[in-house]
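# An overview of the molecular structure
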Amino acid sequence: MNTLFMHCRPGFEGEVCSEIAEHAARLNVAGYAKAKPASACAEFVCTEDDGAERLMRGQRFAELIFPRQWARGTFIDLPETDRISVILAHMSAFPTCGSLWLEVVDTNDGKELSNFCKKFEGPLRKALTGAGKLVDDPYKPRLLLTFKSGREVFLGLAQADNSAMWPMGIPRLKFPRQAPSRSTLKLEEAWHHFIPRDQWDERLHSDMTGVDLGAAPGGWTWQLVNRGMLVTAIDNGPMAESLMDTGLVQHLMADGFTFKPKQPVDWMVCDIVEKPARNAAMLEEWIGEGHCREAVVNLKLPMKQRYAEVKRLLERIADGFKARGIKVEIGCKQLYHDREEVTCHLRRLDTKKPRGSKAARDER
């Protein structure tokens, strides 16, 4: 099991290779990264038998930017019939697993295999359970089978607490019909990725206030309002009437890059299409000056050297906070609902509650 297999957004295979090769070098894991363009996956082939395991043990999956999912294991060829026997034979070298996911890559060819996987999963699960290779235990490794075709599968392992929350890293989120745009799913997915579910009631509640920069027509504002927050929406364009009718939204026609709240708010969110350096500087200023406690901001990516650019911007943001003498938790991920962008989440790690949250609500 000396290969690390990773899913990604089609077209970002090079970014995955650059990122994982950098972490492998940091952990002294010898090997090389490879990928085919537009294949929606990449591999890191380790030259030592325990290399992939050491790489996964030394790197938190949640801190990776471009991979959507990962597993360590090996590719196996499957016959036309009796695929299960071949898989069971290869499983002799695998430990007992606590869960099973069947995955495909995020391409048109991969999607055509989805129906096959649905039909195949039941018999495979039964056979693995009967052979003592599969039990219901979240603390045991997860068995991930990624089918490249009906005749080739990657047989892999990952720890449930150090891999994607969803198969293939694709969240099963339902578009809320009341939301004015599908971009609302970007912010919902960001909350799932960056905020533990058991902390939502503490960090996303109705006594909070928020600002949405570049808000129109209100896809991200809808998520804040749906949590009961009082929101200031900044955009020269029109907001959805349904949002304005809630009484929780104040719409100001202003420039998102120059607007600053009179009182600190709990949340700032921003999906403005602008050069990533400008959005990053704005993000640092809002958190650094104490205008908000937490923020979610999208950074649009250049056409080339995308991983290098993201890394440079994150380092600049971190250096800025260090110079200010404040501690900030920084996260960055290319989410499933992102396209040519990454989503950043910042949380200021002090105990002060933004002044004026309740007062602003009372005024309104």
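Residues numbered from 1 in each chain as written. Predicted model: local features only at pLDDT ≥ 70, side-chain atom pairs only at ≥ 80, totals over all residues. Heavy atoms only, no water.

Per the UniProt record, the feature "active site" (unreviewed entry) sits at Lys 300. One can find Lys 300 in strand E12 (residues 292-300). Apart from the residues within four sequence positions on either side, Lys 300 is in contact with Lys 186, Asp 271, Ile 272, Val 273, Glu 274, Pro 276, Glu 340 and Glu 341. (UniProt positions renumbered as here; feature names shortened; annotations may be inferred. Helix = DSSP H or I, 4+ residues; strand = E, 2+ residues; numbered from the N terminus. Contact = heavy atoms within 4.5 Å.)

A word on the nonpolar core. Ranked by size, the top nonpolar core spans 61 residues in total, and within it Leu 4, Phe 44, Phe 66, Leu 213, Met 268 and Trp 286 carry the most contacts. It is helix H11 (residues 306-324) that contributes the most residues to this core, six residues altogether. Setting aside its immediate chain neighbours within four residues, Leu 4 contacts Ile 20, Ala 42, Glu 43, Phe 44, Ala 52, Leu 55, Met 56, Trp 70, Ala 71 and Arg 72. Residues Leu 187, Val 249, Val 269 and Val 296 belong to the second largest nonpolar core, which totals 27 residues. (Core = buried A, V, L, I, M, F, W, Y, C linked by side-chain atoms within 4.5 Å. Buried < 20%, exposed > 50% of the residue type's maximum accessible area, 1.4 Å probe, protein only.)

Per the UniProt record, "domain: Ribosomal RNA large subunit methyltransferase M THUMP-like" (unreviewed entry) is found at residues 82-157. Helix and strand shares over residues 82-157 are 39% and 26% respectively, and the end C-alpha atoms of the span are 22 Å apart.

Closest axis-to-axis distance for the helix H6 (residues 184-194)/helix H8 (residues 219-226) pair is 6 Å, and the angle between their directions is 50°. On the basis of the axis angle, H6 is oblique to H8. Contacts between H6 and H8 involve Thr 184, Lys 186, Leu 187, Glu 188 and Trp 191 from the first element and Gly 219, Trp 220, Trp 222, Gln 223 and Leu 224 from the second. Residue classes in the contact of H6 with H8 are distributed as five nonpolar, three polar and two charged. (Axes fitted to C-alpha atoms, helices over the stretch in contact; angles between N-to-C directions. Parallel < 35°, antiparallel > 145°, perpendicular 65-115°, else oblique. Nonpolar A, V, L, I, M, F, W, Y, C, P; charged D, E, K, R; others polar.)

Let us look at the side chain of Ser 39. You can see Ser 39 is positioned in the loop between strand E2 (31-34) and strand E3 (41-46). Note on Ser 39: relative accessible area 17%, which makes it buried.

Attention now moves to the environment of Met 239. Within the secondary structure layout, Met 239 lies in the loop between strand E9 (230-234) and helix H9 (241-244). Sequence separation of Met 239 and Pro 196 is 43 residues, and the distance between their C-alpha atoms is 30 Å. If we ignore the near neighbours within four places in the chain, the residues touching Met 239 are Ala 215, Ala 216, Pro 217, Gly 218, Thr 221, Ala 233, Met 244 and His 251.

As a further point, take the packing of aromatic side chains. All chains considered together, the criterion is met by eleven aromatic pairs. Where Trp 191 meets Trp 200, the ring centres are 6.3 Å apart and the plane angle is 75°; that geometry is what we call edge-to-face. Per residue, the accessibility class of Trp 191 equals that of Trp 200, and both read buried. Clustering of aromatic rings is evident, with ring pairs tying together Phe 5, Phe 75 and Phe 154. Sitting over the face of the ring of Trp 101, Arg 142 holds its NZ or CZ atom 3.7 Å from the ring centroid. (Phe/Tyr/Trp six-rings, centres within 6.5 Å; stacked < 30°, edge-to-face > 60°. Lys NZ or Arg CZ within 6 Å of the ring centre and 35° of its normal.)

The next thing to look at is the pairing of strand E4 (residues 69-77). Consecutive residues of a regular strand have side chains that alternate between opposite faces of the sheet. Where strand E1 (residues 3-7) lies against E4, five bridges are found, and the strand directions are antiparallel. Directly across from Met 6, in E4, lies its bridge partner Trp 70. As defined by bridge partners, E4 adjoins strand E7 (residues 152-158) across six bridges and the pair is classed as antiparallel. For Phe 75, the partnering residue across the bridge sits in E7 and is Phe 154. (Pairing = 2+ DSSP bridges.)

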